[in-house]
Amino acid sequence: MKYWLIALLFSVAVFGCKKATESPSSLGLADITSYCPMKLGKVFIYRMDSSNAVLGNFVTSHYLAKDSVVNTFVDNQGRTCYLIFRYLTDTLVSQPYQYNQSYYVAYDKNKIEFVDANNRRFINLVNPVSTYTTWYGNSQIDSLQISQNTSFAGWQYQYTTVNQPYTVFDSTFPNTVTILQNADSSSVIPSETYSTEVYAQGVGLIYKQIIDYFYQSSGVEDGCFELTLNLVSYK
């Protein structure tokens, strides 16, 4: 009996180690890189609608945003990164695109980070791609940045849909994942914070919405904003 138990425990240990090192594809799961397949020269055009609170009122603007992958590099952690320039124009393209900002995407073994123009690091995608997966996507933002942007603190991301179709304007993408990054509101101090993203397999980001509202007796607090991106085209 003792030898049988030892053999059983050994086989369980070996099986457990094997499971821990299996890749997502070997488990029948999509890998995150398939939902964010960056390469040099790729271009994404988004319809960008933004609202910003100024003197207690929202000022709304509408743009076309062109995100172009302009360079690749290896960061100090040895990760492959893609530098992206964002250019803006009006929705009628009556003016040339003007440079707006840059950000980059860093590929790690089991996560993909987006590092914005303010050097804030967002962990937008992780393995495994499953509705059981949750993670703290803003955990790499340092304490100083959190203190200046308190709505980013403690967000627990989760895949809410996996391998589902999603329609943006007239285009339906057959295989997408939706990530709910935060959904929080309060009636005590009237506020709303909501953030979600949708990625299409073989394409990348196709939809994004982030809302950050705080209200005072005189109206919405200055600095509050809402931003929505809808993919128009890509190549």
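What counts as what
- Residues numbered from 1 in each chain as written.
- Predicted model: local features only at pLDDT ≥ 70, side-chain atom pairs only at ≥ 80, totals over all residues.
- Heavy atoms only, no water.
- Salt bridge = Lys/Arg side-chain N within 4 Å of Asp/Glu carboxyl O.
- Helix = DSSP H or I, 4+ residues; strand = E, 2+ residues; numbered from the N terminus.
- Buried < 20%, exposed > 50% of the residue type's maximum accessible area, 1.4 Å probe, protein only.
- Polar contact = N/O pair within 3.5 Å; in protein donor to acceptor, adjacent residues only side chain to side chain.
- Contact = heavy atoms within 4.5 Å.
- Pairing = 2+ DSSP bridges.
- Phe/Tyr/Trp six-rings, centres within 6.5 Å; stacked < 30°, edge-to-face > 60°.
- Lys NZ or Arg CZ within 6 Å of the ring centre and 35° of its normal.

## As for the pattern of salt bridges
Working step 1: With the rule as written, the count across this model stands at 9 salt bridges.
Working step 2: Residue Asp67 is joined to Arg86 by a salt bridge in which the shortest nitrogen-to-oxygen separation is 2.8 Å. One end of the pair, Asp67, is in strand S2 (residues 57-74); the other, Arg86, is in strand S3 (residues 80-89), with 19 residues separating them in the sequence.
Working step 3: For Asp67, a relative accessible area of 1% translates into the label buried.
Working step 4: When its relative accessible area of 9% is taken as the criterion, Arg86 is described as buried.
Working step 5: Measuring nitrogen to oxygen at the nearest pair gives 3.4 Å for the salt bridge that ties Glu113 to Lys111.
Working step 6: Overall, the relative accessible area of 3% leaves Glu113 in the buried class.
Working step 7: Residue classification places Lys111 among the partly exposed positions, given a relative accessible area of 22%.

## Some words on the side chain of Gln181
Working step 1: Mapped onto the elements, Gln181 comes out in strand S9 (residues 171-186).
Working step 2: Gln181 gets classed as buried once you look at its relative accessible area, which sits at 3%.
Working step 3: Of the polar contacts made by the side chain of Gln181, one reaches the side chain of Ser195; its length is 2.5 Å.
Working step 4: Side-chain polar atoms of Gln181 contact the side chain of Glu197, separated by 3.2 Å.
Working step 5: Every residue in contact with Gln181, bar those within four places of it in the chain, is listed here: Asn124, Trp155, Gln156, Tyr157, Ser195, Thr196, Glu197 and Lys208.

## Considerations on the environment of Asn124
Working step 1: If you trace the backbone, Asn124 turns up in strand S6 (residues 121-126).
Working step 2: Placed 11 residues apart in sequence, Asn124 and Trp135 show a C-alpha to C-alpha distance of 9.5 Å.
Working step 3: Residues within four places of Asn124 in sequence aside, it is in contact with Ile112, Phe114, Trp135, Tyr157, Ile179, Gln181, Glu197 and Tyr199.
Working step 4: Within the structure, the side chain of Asn124 is placed 3.0 Å from the side chain of Glu197, a separation counted as a polar contact.

## Concerning the side chain of Ser51
Working step 1: In this structure, Ser51 sits in strand S1 (residues 43-54).
Working step 2: A polar contact is formed between the side chain of Ser51 and the side chain of Thr60, at a distance of 2.9 Å.
Working step 3: Those residues within four positions of Ser51 in sequence are excluded, and the remaining contacts are Phe58, Val59, Thr60, Cys224, Phe225 and Glu226.

## Topic: the pairing of S3
Working step 1: Sheet topology note: the S2/S3 ladder contains 10 bridges and is antiparallel. Opposite Ala65, over in S3, you have Leu88 as the bridge partner.
Working step 2: One ladder, built from 9 bridges, connects S3 with strand S4 (residues 98-107); its direction is antiparallel. For Leu83, the partnering residue across the bridge sits in S4 and is Tyr104.

## Examining the packing of aromatic side chains
Working step 1: Summed over the entire model, instances satisfying the criterion amount to 13 aromatic pairs.
Working step 2: For the ring pair Tyr166 and Tyr207, a centre distance of 5.9 Å and an interplane angle of 40° mean the geometry is tilted. Here Tyr166 is found in strand S8 (residues 157-168), whereas its partner Tyr207 is found in strand S11 (residues 204-216), with 41 residues between them in sequence.
Working step 3: Here Tyr166 falls in the partly exposed class, since its relative accessible area comes to 24%.
Working step 4: Members of the aromatic cluster, joined through ring pairs, are Phe85, Tyr87 and Tyr99.
Working step 5: The ring of Tyr87 has Lys66 sitting right over it, with the charged end atom 5.6 Å from the ring centre.

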